[in-house]
Amino acid sequence: MNGKKIWVVQTGEPFSFDNSGRVMRGQLVADYFKARGAFVSVFTSRFFHQKRALRNATAQFNHEGIDFYLLDSCGYGSSISIKRIVDHFQLAINFIVTVLRFKISKPNFIFLGYPPVELAFVVSLYAKARRIPIILDVKDQWPIIFERGLGFLPRPIVRILITPFHWMAKFCLREASLVTTISCSFKDWVLGYSNRSDCERFLVLPLCAPRKNFSADQVSKTHLNSLVYFGSFTEVYDFSAFACAFKKVLKIYPDLRFVFGGTGPKLDQVLELFSEIPNSEYVGYLDQDGVAAHYSSAIASIAPFRALSDFRLAIPNKIGESINYRVPVLSALKGEVELLLQGGGGVAVFSDTPECWEKALHRAIKNRDALVANIERVIDRFDFEANMQHLNERMS
């Protein structure tokens, strides 16, 4: 990678300059290539998806050796809305405007996050015209997800509205030199949806931040006997069943704690939900060191996703992160997550009800050592360096 120019186009994620403490796929990939001598430019949105707010920074700046370009857009409140579509079209237009305005030289390849469909389509067109290889990083089933969100409209109207997005999506998926996905089920979906048959051009690429190791002294300063959650508070989560179960379990394990941190549009609702439950502590938005310190002494982490079909194919990043720290995960998600937890990643909650969460909590507390030992069966799937080495090999 020494001397190569690489563009990372990724919206909807926090980056190092946000000082939010935790980063995701875009920043991890950018840091990896920069450390190996590449000249990395990152294109992301000025609108900060996690906080639903605009980033206060110039259109172009360098941070820790990486050139960042912020693409302007109107922003949005709801994840599935007309305003989000408008936002994404603005990002697509402003990508081209930014490349021309700053006269950014042609890269050797582009690592392109998907979705948004509109931005991915324009970047793919640009790359095709200039013969630039693209690694398309697929993380969601857009536009399928948006189509489900329009279920209140008559089916024929939805079909007409969504058809252009299907065309753009399939163009991106077919034109990519290499497609990376977050799970085997996602890979199968992309192959079927795009009608591609060249499996060798696909790579399952779970990316979690490399695990940090802490001394015994550092670990002793964190909470013991805790259940933890660190991430976003959005409409895809529902903490109510877990909260009821946690309250009941406290009667048997009075020293048990629930430690949670993060931000998002539903944070106030979550804070209100746990305000009357003892031993619940909100610790704000932690950096990676803070998250790791809490993981190091946690009994288990929880992943209270709603039972949305969108997640059946996915393994959310926070689940991989927890396993990477050898912390068992509790979740009621079906599909890939359920198979992962049954295979050694934690406890699969049978159903998203207080009764099932209570049973899962008892099992996690009583069998914690055995669950941690079982994680060895699956932890290699989330080895960051090994996964990035696989990507390097496929690119060469």
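Residues numbered from 1 in each chain as written. Predicted model: local features only at pLDDT ≥ 70, side-chain atom pairs only at ≥ 80, totals over all residues. Heavy atoms only, no water.

S.K.: Got a minute to help me understand the environment of Ile-299 in this structure?
M.R.: You can see Ile-299 is positioned in strand S14 (residues 298–302). Owing to a relative accessible area of 12%, Ile-299 belongs among the buried residues under this scheme. Sequence-wise, Ile-299 and Gly-75 are 224 residues apart; in three dimensions their C-alpha atoms are separated by 38 Å. If near-sequence neighbours (up to four positions away) are discounted, Ile-299 is found in contact with Asn-225, Ser-226, Leu-227, Leu-256, Val-327, Pro-328, Ala-364, Ile-365 and Arg-368. (Helix = DSSP H or I, 4+ residues; strand = E, 2+ residues; numbered from the N terminus. Buried < 20%, exposed > 50% of the residue type's maximum accessible area, 1.4 Å probe, protein only. Contact = heavy atoms within 4.5 Å.)

S.K.: Explain the environment of Leu-273 to me, please; I cannot follow it from the model alone.
M.R.: The residue Leu-273 is located in helix H9 (residues 267–274) in this model. In sequence terms Leu-273 and Leu-161 are 112 residues apart; their C-alpha atoms lie 38 Å from each other. Contacts of Leu-273, omitting those with residues within four sequence positions, involve Phe-239, Ser-240 and Ala-243.

S.K.: Explain the sheet that holds strand S16 (residues 346–348) here, please?
M.R.: In a beta sheet, neighbouring strands pair by backbone hydrogen bonds and run either parallel or antiparallel. The strand order S13-S12-S11-S14-S15-S16 describes an open sheet built from 6 strands, whose pairing is parallel. At either end of the open sheet lies a strand with only one pairing partner, and these are strand S13 (280–282) and S16. Ignoring which end each strand starts from, the neighbouring axes of this sheet average 20° apart. Taken together, the 3 bridges between strand S12 (residues 257–263) and S13 define a ladder with parallel strand orientation. By the bridge assignment, Phe-260 is partnered in S13 with Tyr-282. Its contacts with the sheet place H9 against S12 and S13, and it is angled at close to 165° to S12. With respect to the sheet, helix H13 (residues 354–366) is in contact with strand S11 (226–232), S14, strand S15 (329–331) and S16, its orientation differing from that of S15 by roughly 170°. (Pairing = 2+ DSSP bridges. Axes fitted to C-alpha atoms, helices over the stretch in contact; angles between N-to-C directions.)

S.K.: Which parts of the structure should I look at to understand the pairing of strand S1 (residues 5–9)?
M.R.: Regular strands place their side chains on alternate faces of the sheet. Of all 5 residues making up S1, 4 are buried, and the element is well covered by its neighbours. Where S1 meets strand S2 (residues 39–45), 5 bridges bridge the pair, whose relative direction is parallel. Within S2, the position partnered with Ile-6 by the bridge is Val-40. As defined by bridge partners, S1 adjoins strand S7 (residues 109–114) across 4 bridges and the pair is classed as parallel. For Ile-6, the partnering residue across the bridge sits in S7 and is Phe-109.

S.K.: Sorry, what's going on with the sheet that holds S7 here?
M.R.: Sheet architecture is open: 8 strands sit in the order S5-S6-S2-S1-S7-S8-S9-S10, paired in mixed fashion. Lying at the two open borders of the sheet, with one neighbouring strand each, are strand S5 (60–63) and strand S10 (202–204). Across the sheet, the mean angle from the axis of one strand to that of its neighbour is 20°, orientation sign disregarded. By the bridge criterion, 4 bridges tie strand S8 (residues 134–138) to strand S9 (residues 178–181) in an arrangement that is parallel. Looking across to S9, one finds that Val-138 is bridged to Thr-181. On the sheet, helix H1 (residues 25–35) packs against S1, S2, strand S6 (66–71), S7, S8 and S9 and is oriented at approximately 150° with respect to S6. Packing of helix H6 (residues 184–194) onto the sheet brings it into contact with S8, S9 and S10, and relative to S10 it is tilted by some 155°.

S.K.: For this particular structure, what's the right way to read the side chain of Ser-331?
M.R.: By the secondary structure assignment, Ser-331 is in strand S15. Judged by its relative accessible area of 0%, Ser-331 falls in the buried class. Among the polar contacts listed, one links the side chain of Ser-331 to the backbone nitrogen of Leu-333, at a separation of 3.2 Å. Contacts of Ser-331, omitting those with residues within four sequence positions, involve Ala-303, Val-337, Leu-341, Val-347, Ala-348, Val-349 and Trp-357. (Polar contact = N/O pair within 3.5 Å; in protein donor to acceptor, adjacent residues only side chain to side chain.)

S.K.: Would you mind going over the pairing of S7 with me for this structure?
M.R.: Along S7, 6 of the 6 residues are buried, which leaves the element largely enclosed by surrounding structure. Of the two faces of S7, the one lined by Phe-109, Phe-111 and Gly-113 and the one lined by Ile-110, Leu-112 and Tyr-114 are each fully buried. The sheet contact formed by S7 and S8 spans 5 bridges and is parallel. Bridge pairing links Tyr-114 to Val-138 in S8. In the classification by handedness, the crossover that spans S7, the intervening helix H3 (residues 117–130) and the parallel S8 is right-handed. (Right-handed = clockwise from strand over helix to strand, strands pointing away.)

So far we have only geometry, and geometry alone does not tell us how the molecule works.
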